[in-house]
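Architecture and fold: a report
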Amino acid sequence: MQVDSPLTSQIPFFWERSFQSASEADQCWKTIGFKLKCVQVTPGRLLGKITMERLGSMVLISFQSNQSLLLQGERNRDYIAFCVEQTNAIDMHRVWGEKIQPHSIHGFSSRLSEAFFQTTPGSLISIALLPIARLKAIAERESMGSFMETIEANNTAVLPDQQFTQIKTLLQPNNASKNPNAKSNSDLVEALLVECFSHEGKHQPHAPSLTHRTELIRELIEFSFKQSTSPLSLHDICNIIFTSPTTITVGCREMLGLGPMALLKRIRLQQVQHVLIDLDLQQRLGYSTVQQIANHYGFQSRNHFARDYKLAFGLTPQQTLRRTKSLATIQ
């Protein structure tokens, strides 16, 4: 049975894009139908890649980055996402603020409309997207109502070693257009997942724990992107999202290793970087110099701004702008 959808019908059999900034990662996700915002958590030069392949009814996304990224935004409600880390680099991994466990698969709760997760530097995440209509039809046909109940109620599960290794291997990146077993691999992934999450499956499910602290940080990130040009103090932020300085500071440091004001600065630096790599956006804003763009986002000290920018992204603002103009000339 084939259940088609806009995502599987519009993409090629193999698609790949590299990114060197959080805003470029945003654009990659947007291109493949996801409205996600990225925040670069660890400092330094960012190098990453997203690939997407069609494997029968399944879409396989591979997402890798040399830095830790925090991603937040809308899920595609037509699909269930089963996420697996391929490299065992999970030290900084968080799903809705909680650390993930070895041999875990996560991100599949059909009850959640948003994604909110953090990666570890050097990680490679495989995301199997399966049409929810197809999974419901399989569960109904096979009289496995417990499968869909588990998918709806939980967002993480620790699997037995053998099952996890099988699924992880099947979800490794490969060019589907050159893989004669692509369709059979898709069917096998479906069968293994249904087996794992059925009533008889030996998994350890974990319901999404949307703690107050996690929700505050999600609100802080969302607010920081929307108010990236207004002067703000920690007191202002706490009044807006209804929390105390201690609560938001402890929560941010535990999850991200950054205080709330450092996170706000990082997001504003990203906004500057976004403008520096987009000549059309520079023209729309009416800015032609680095200092004009920096001032727009609240950075008044030229020296402090240049230092913070290089610490965050591994390049100076001028180097970023020169790279953008050089690429525009080549194109």
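Here we summarise the structure given alongside this text.

Cut-off values and rules
- Residues numbered from 1 in each chain as written.
- Predicted model: local features only at pLDDT ≥ 70, side-chain atom pairs only at ≥ 80, totals over all residues.
- Heavy atoms only, no water.
- Helix = DSSP H or I, 4+ residues; strand = E, 2+ residues; numbered from the N terminus.
- Expected span 1.5 Å × (residues − 1).
- Buried < 20%, exposed > 50% of the residue type's maximum accessible area, 1.4 Å probe, protein only.
- Axes fitted to C-alpha atoms, helices over the stretch in contact; angles between N-to-C directions.
- Parallel < 35°, antiparallel > 145°, perpendicular 65-115°, else oblique.
- Left-handed = near helix turned anticlockwise from the far one by under 90°.
- Contact = heavy atoms within 4.5 Å.
- Nonpolar A, V, L, I, M, F, W, Y, C, P; charged D, E, K, R; others polar.
- Pairing = 2+ DSSP bridges.
- Salt bridge = Lys/Arg side-chain N within 4 Å of Asp/Glu carboxyl O.

1. Let's talk about helix H10 (residues 260–276)
Relative to the 24 Å expected for 17 residues at 1.5 Å per residue, H10 spans 24 Å between its end C-alpha atoms, a close match to the ideal helical length. Burial analysis of H10 places 13 of its 17 residues in the buried class, which makes it a mostly covered element.

2. So, the packing of helix H7 (residues 212–226) against H10
Helix-helix packing is described using two parameters, namely the angle between the two axes and the distance between the axes. It is the contact of H7 with H10, at a shortest axis distance of 10 Å, that shows an interaxial angle of 40°. Considering their axes alone, H7 and H10 lie oblique with respect to each other. Helix-helix and strand crossings are classified by hand; for H7 and H10 the assignment is right-handed. Listed contacts from H10 to Leu-220, Ile-221, Ser-224 and Phe-225 of H7 are Pro-260, Leu-263, Leu-264, Ile-267, Gln-270 and Gln-271. Taken together, the residues that form the contact of H7 with H10 break down as seven nonpolar, three polar and no charged.

3. Overview of H7
In a regular helix each residue adds 1.5 Å, so 15 residues correspond to 21 Å; H7 covers 21 Å between its end C-alpha atoms and thus fits that length. Within H7 the residues assigned to the buried category are Thr-214, Leu-216, Ile-217, Arg-218, Leu-220, Ile-221, Phe-223, Ser-224 and Phe-225. Looking at the packing, one finds that the buried side of H7 touches strand S2 (36–40), strand S5 (69–74), strand S10 (114–118), helix H8 (234–241), helix H9 (245–256) and H10.

4. With respect to the packing of H10 against helix H13 (residues 302–313)
Between H10 and H13, the least distance of the axes is 10 Å, while the angle of their chain directions is 90°. Taken together, the axes of H10 and H13 lie roughly perpendicular to each other. On the side of H10, the interface is formed by Lys-265, Arg-266, Leu-269, Gln-270, Val-272, Gln-273 and Leu-276, while H13 contributes Phe-305, Asp-308, Tyr-309, Ala-312 and Phe-313. Residues that form the contact of H10 with H13 fall into these classes: seven nonpolar, two polar and three charged.

5. Some points on the sheet that holds S2
Here we have five strands laid out as an open sheet, ordered S2-S5-S10-S7-S8, and antiparallel in their pairing. Each having just a single partner strand, S2 and strand S8 (98–99) make up the two edges of the open sheet. Inspection of the sheet shows strand S7 (residues 94–95) paired to S10 by two bridges, in the antiparallel sense. Bridge pairing in S10 places Arg-94 opposite Gln-118.

6. A closer look at the environment of Glu-74
Along the chain, Glu-74 turns up in strand S5. Of the residues examined, Glu-74 reaches a relative accessible area of 46% and is grouped as partly exposed. Linking Glu-74 and Leu-112, residues 38 residues apart in sequence, is a C-alpha distance of 9.3 Å. If we skip the residues at most four places from it in the chain, Glu-74 touches Phe-34, Lys-35, Leu-36 and Ser-113.

7. Things to note about the pattern of salt bridges
Tallying each qualifying case throughout the model produces eight salt bridges. With a shortest N-O distance of 3.8 Å, Glu-16 and Lys-49 are connected by a salt bridge. Highlighted residues: Glu-16 in strand S1 (residues 14–19) and Lys-49 in strand S3 (residues 48–55), separated in sequence by 33 residues. On the basis of relative accessible area, Glu-16 is assigned to the partly exposed category, the value being 37%. Across the salt bridge formed by Asp-308 and Lys-265, the nearest N and O atoms sit 3.1 Å from each other. Of this pair, Asp-308 sits in helix H13 while Lys-265 sits in helix H10, placing them 43 residues apart in sequence. Exposure remark for Asp-308: the relative accessible area of 13% places this residue in the buried category. Take Lys-265: its relative accessible area is 36%, and that puts it in the partly exposed class. One continuous salt-bridge network, built from bridges that share partners, spans Glu-114, Glu-215, Arg-218 and Glu-222.

Nothing here speaks to function; it is all geometry.
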